[in-house]
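Structure assessment
In case you want the letters, here they are:
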Amino acid sequence: MQAIKRNVLLNPGPSTTTDSVKYAQVVPDICPREKEFAGLMKGLREDLVRIVHGDLTEYTSVLFCGSGTINIDVVINSLLPEGKKVLVINNGAYSARAVDVCKYYGLPHVELAFPLDQLPDLAVVEETLKDDPDIALVYTTHNETGSGILNPVREIGALAHAYGAVFAVDTTSTYAMRPINIKEENIDFCMASAQKGLMAFTGLSFIVGKRRIIEESKNYPRRSYYCNLYMQYDFFEKTGEMHFTPPVQTIYATIQALKEYWEEGEEAKWARHTRIYNSINKGLEDLGFRQAIRPEWRAGLVSCVIYPDDPKWSFDAVHDYCYERGFTIYPGKVSTTTTFRLCSLGAIDEQDIADFFTVFEEALHKFDIQVPVHYNDPVGF
Ligand SMILES: *Cc1c(COP(=O)(O)O)cnc(C)c1O
């Protein structure tokens, strides 16, 4: 196995992968309609449920060919009964995307918008549910990847259930990183893509959720042909296959990534992400950088860094310098401030972060940016 040039990706996904996962894509050509392939899919679907500690009689997983946004589309368009409403609890770019999905399908929805650097107000969530018995689906994002804020899904789920609604959460940027117990977190549906926490490749996205609710959705309005949850589930149950052509090579890589996931172990993997996250924060702090989200509200996977007040600061110049040396940093998504992000996912460890900061600091000096960096405002996190 020849080593492939290793890049350290500090963007919020796709993540750095191992060479064994990269090479797992190189397989003899196979028609995915063969029994051999359907057998692989069954084990894969079950593993995806096990990652969130779901009981296989109660929960299932449904796969789609697409990037993570396909999950948002599927969940929202498929799980809303006729005449009912979606409640989107929105404090970031990914929940805003769910609101867009509601708009594109013309679905009745209530958007509860909160500032991007604040947690949702649970009292307001409860009032909304109490006042509007038509809300049948409550939706939010676990780790808002744009800012790195962690939403209180267990509490939101308890409220959704108390008012008889189904609770769906976008867990794309926590799944297979931060441990999740789907039942204990009061989640009916969660979702992710192979290229994030699992450290595989783009093209495979999946929804893990309650079988009973998917079966009930059989008679809900069908708003999409390709992106219907029940249709895809039913096809899997009857044939063991995806309705349309699956991303064959990505599935082989994901199976290898899952093998490596179980080998590393849930706890050890989360400890590694935490180690990376702590070294990123330490590196930033040593250089005087500030972040947009209060430490106690962060999900522990994204550091959302505020641009320093320095006329010499240029994200693009620093980015390009690091990129040329194998380190990818990423612009922010918090519209109120100008930020960039450093993320703690992927097959990397502390040494990579130490190497990154050597290069990053070199970049700051090269472009004459004052170190420690300067902020005009005397307060910050
Ligand atoms: C990455 C991500 C997605 C998927 O985005 P794509 O651009 O479709 O890959 C969805 N939700 C969250 C929270 C994410 O971090």
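Residues numbered from 1 in each chain as written. Predicted model: local features only at pLDDT ≥ 70, side-chain atom pairs only at ≥ 80, totals over all residues. Heavy atoms only, no water.

Looking only at helices and strands, the protein chain has 12 helices and 15 strands in total. Judged by the C-alpha coordinates and their principal axes, the protein chain covers about 65 × 55 × 35 Å. Going through the 381 residues of the protein chain one by one, you find that 56% of them count as buried. Once local pairs closer than 6 in sequence are excluded, the contacts in the protein chain between residues at least 24 apart make up 73%. Of the accessible surface of the protein chain, which amounts to about 15,900 Å², a share of 51% is contributed by carbon and sulfur atoms. One finds the centroid of the 37 positive side-chain charges in the protein chain at a distance of 4 Å from the centroid of its 51 negative side-chain charges. (Helix = DSSP H or I, 4+ residues; strand = E, 2+ residues; numbered from the N terminus. Buried < 20%, exposed > 50% of the residue type's maximum accessible area, 1.4 Å probe, protein only. Contact = heavy atoms within 4.5 Å. Areas by Shrake-Rupley, 256 points an atom, 1.4 Å probe, with all protein chains shown as cover. Lys, Arg positive; Asp, Glu negative; His and termini not counted. Charge placed at Lys NZ, Arg CZ, Asp CG, Glu CD.)

In terms of burial, strand β9 (residues 189-193) is largely enclosed, as five of its five residues are buried. Alternating residues of β9 divide into Phe189, Met191 and Ser193 and Cys190 and Ala192, and every residue in both groups is buried. Of the pairings in the sheet, the one linking strand β8 (residues 166-170) to β9 comprises three bridges and is parallel in character. Paired with Asp170 across the bridge in β9 is Met191. (Pairing = 2+ DSSP bridges.)

In contact at an axis separation of 10 Å, helix α5 (residues 122-131) and helix α6 (residues 153-162) are set at 15° when each is read in the N-to-C sense. When the axis of α5 is compared with that of α6, the two are roughly parallel. Pair α5 / α6 crosses with right-handed handedness. Where α5 abuts α6, its residues Leu122, Val125, Glu126 and Leu129 lie against Glu155, Ile156, Leu159 and Ala160. (Axes fitted to C-alpha atoms, helices over the stretch in contact; angles between N-to-C directions. Parallel < 35°, antiparallel > 145°, perpendicular 65-115°, else oblique. Left-handed = near helix turned anticlockwise from the far one by under 90°.)

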